[in-house]
Amino acid sequence: MSDGRYQFRVYTSDDAPVDQAFEVFSYPMGDITVRRIPDTEPVSGSVHVLQVHRSAVDWTLVAQWAALVEDLFPGQPRVLALPYLPSARGDKDVPSPAVVNATLAAGTGITDIVTVDPHSPVWLAAMRAANPAIRQHVLPLADIVAAALRRDGDRVAHLGVISPDKGAVTRAAEVASLLGVPVYVASKNRDPKTGRLTHYSLEADLAPGNYLVVDDICDGGGTFALLTGAVPDGVVLDLWVTHGGFTKPNFSADARAPYRRIYTTDSLTTAVAAAQEDSQIQVRALQPWITDILASLGAEQAAAPATAGENRCPPQPADPHTDLEGIPT
């Protein structure tokens, strides 16, 4: 069952993920759990998936889901599809919320994690250190960007890709390589007294035409608005941000206004909601690439030697809370 933030799914013999008969249940005193939907049989399959579309994760729910899957379908992969890694931007903070979140994730009982465009390598490295057995799958960013551009009916050809700073060069270069265009790197200029970003500079003689700015996260969008001031007249900018937070709705809309088009993914519900309000934003669903990962895991599962015991769905015990209302969180 889905509530827009946590989706319980299973990869079936039909080669497609379908909803699993699980739900987030809230007890009267407010504590929550993952349970089987009463009077509904769990769906059999080869790979089980919990997809999260938010910037914060309840790791207790993830652990409860993993335990429930292992109880019903022992030995089958338990995949956490987590496109946006929570607190990944806190990789340099002390204490590091990126490391804390990764360590909590490592202890939940998942066997695999699927993500896209991590802010830095710190998050996944911390998970690997805490639990080397978890398989990590990073979706191909450049392929996803190219698919989003092809889907745009205007089919605008970009003359180059712009990285907003040195930290984004790797992802920008990956996209530029696939598109067959050069990459340009902008520089941030800060007030030496306050450290606040004042403007961008771009040491490149850009020819008039369309260019694609590539970065991983758009929060309020103020830095992207400043970047538009660094390009000469005749340059038209599009913006790709993998994770569209689009916080401060009115401010974000004003910050996005100088761009012809904003491309993003459905990694966060905020991006989907913003696209519904603003046709400037084009959202590319990640599901096809996630399904590819599930298919490969399903093939591995089918080829693996049989293990002791079979998948089991024991009779569901009487629900002691049948007179209470299940409230999805």
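The model shown is predicted, which means the values in this text are computed figures rather than measured ones.

Scanning the protein chain from terminus to terminus reveals 9 helices and 16 strands. A total of 329 residues make up the protein chain; the buried ones form 47% of that total. Sequence-distant contacts in the protein chain: of pairs separated by 6 or more residues, those separated by 24 or more amount to 65%.

Turning to the domain arrangement of the protein chain, a few remarks are in order. You can read the domains of the protein chain as domain 1 (4-138) and domain 2 (139-284). Using C-alpha coordinates to define each centre, domain 1 is positioned 29 Å away from domain 2. Residue-level contacts link 16 residues of domain 1 with 15 residues of domain 2. Regarding the contact of domain 1 and domain 2, the summed buried area is about 1,200 Å², with carbon and sulfur atoms giving 57% of it. Remark: the boundary between domain 1 and domain 2 carries 2 salt bridges. Ionic pairing is found between Asp117 and Arg171, a salt bridge with its closest N-O pair at 2.7 Å. Our enumeration of links across domain 1 and domain 2 arrives at 10 residue pairs in polar contact (both at pLDDT 80 or more). Elements supplying a minimum of two residues to the side of domain 1 that touches domain 2: strand 7 (112-115) and strand 8 (135-138). Class assignment of the residues belonging to the side of domain 1 that touches domain 2 gives a composition of 7 nonpolar, 6 polar and 3 charged.

Moving on, we get to the side chain of Thr264. In this structure, Thr264 sits in strand 15 (residues 262-265). A distance of 3.4 Å separates a polar side-chain atom of Thr264 from the backbone oxygen of Thr242. In this structure the side chain of Thr264 is engaged in a polar contact, spanning 3.4 Å, whose partner is the backbone nitrogen of Gly244. Once you skip the residues sitting within four places of it in the chain, Thr264 turns out to touch Trp240, Val241, Thr242, His243, Gly244, Phe246, Ala271, Ile281, Gln282, Val283 and Arg284.

With that settled, the discussion passes to the environment of Gln20. Relative to the helices and strands, Gln20 is located in the loop between strand 2 (17-19) and strand 3 (22-26). For the pair formed by Gln20 and Arg36, sequence separation is 16 residues and the distance between their alpha carbons is 8.9 Å. Among the polar contacts listed, one links the side chain of Gln20 to the backbone nitrogen of Val43, at a separation of 2.6 Å.

The volume enclosed by the largest pocket comes to roughly 600 Å³. In this structure, the largest pocket is lined by 27 residues; those nearest its centre are Arg89, His119, Asp165, Lys188 and Asp215. At the level of elements, strand 11 (187-190), strand 12 (197-201), strand 13 (209-218) and helix 6 (222-227) are the ones that each hand at least two residues to the lining of the largest pocket. A per-class count over the lining of the largest pocket returns 9 nonpolar, 7 polar and 11 charged. For the lining of the largest pocket, the two domains that each supply at least three residues are domain 1 (4-138) and domain 2 (139-284).

In this section: empty space enclosed by the protein. Throughout the structure, instances matching the rule amount to 2 cavities of 30 Å³ or more. Here the largest cavity defines a volume of roughly 60 Å³. Forming the walls of the largest cavity are Ala148, Arg151, Asp152, Tyr263, Gln282, Val283 and Arg284. Of all the secondary structure elements, the ones that give two or more residues to the lining of the largest cavity are helix 4 (141-151) and strand 16 (281-284). With 3 residues, strand 16 is the single largest residue contributor to the lining of the largest cavity. By residue class, the composition of the lining of the largest cavity is 3 nonpolar, 1 polar and 3 charged.

It is worth spelling out the packing of aromatic side chains at this point. Under the definition given, this model contains 4 aromatic pairs. Arranged with centres 6.4 Å apart and planes meeting at 40°, the rings of Trp59 and Trp123 form a pair that is tilted. A residue pair is termed long-range when its members are at least 10 positions apart, and Trp59 in helix 1 (residues 59-72) and Trp123 in helix 3 (residues 122-130) qualify at 64 residues. Of the residues examined, Trp59 reaches a relative accessible area of 9% and is grouped as buried. Centre to centre, the rings of Tyr184 and Tyr211 are 6.2 Å apart; their planes meet at 70°, and the pair counts as edge-to-face.

Next up on the list: the pairing of strand 12. With 4 bridges connecting them, strand 11 and strand 12 associate as antiparallel partners. The residue bridging Asn189 from the neighbouring strand is His199, located in strand 12. Here strand 11 folds back onto strand 12, and the loop between the two strands holds 6 residues, one of which, Gly195, carries a positive phi near 80°.

Quick look at helix 5 (residues 169-179) now. Among all positions of helix 5, only Arg171, Ala172, Val175 and Ala176 are buried. One side of helix 5 holds all its buried residues, which, seen down the axis, span an arc of 135°. Across helix 5 from its buried face, at more than 90 degrees, point the exposed residues Thr170 and Ser177. Those residues of helix 5 that are buried are in contact with helix 4, strand 9 (160-163), strand 10 (183-185) and strand 13. Positive backbone phi, at 75°, marks Gly180, one or two positions downstream of helix 5.

How each quantity is defined
Residues numbered from 1 in each chain as written. Predicted model: local features only at pLDDT ≥ 70, side-chain atom pairs only at ≥ 80, totals over all residues. Heavy atoms only, no water. Helix = DSSP H or I, 4+ residues; strand = E, 2+ residues; numbered from the N terminus. Buried < 20%, exposed > 50% of the residue type's maximum accessible area, 1.4 Å probe, protein only. Contact = heavy atoms within 4.5 Å. Domains from an automatic or database assignment. Buried area = accessible area lost by both parts, 1.4 Å probe. Salt bridge = Lys/Arg side-chain N within 4 Å of Asp/Glu carboxyl O. Polar contact = N/O pair within 3.5 Å; in protein donor to acceptor, adjacent residues only side chain to side chain. Nonpolar A, V, L, I, M, F, W, Y, C, P; charged D, E, K, R; others polar. 1 Å grid on protein atoms, 1.4 Å probe; cavity = no way out; pocket = protein on both sides within 12 Å on 5 of 7 lines; lining within 4 Å. Points joined across faces, edges and corners; volume = space filled by probe spheres on them. Phe/Tyr/Trp six-rings, centres within 6.5 Å; stacked < 30°, edge-to-face > 60°. Pairing = 2+ DSSP bridges. Arc of directions from axis to C-beta.

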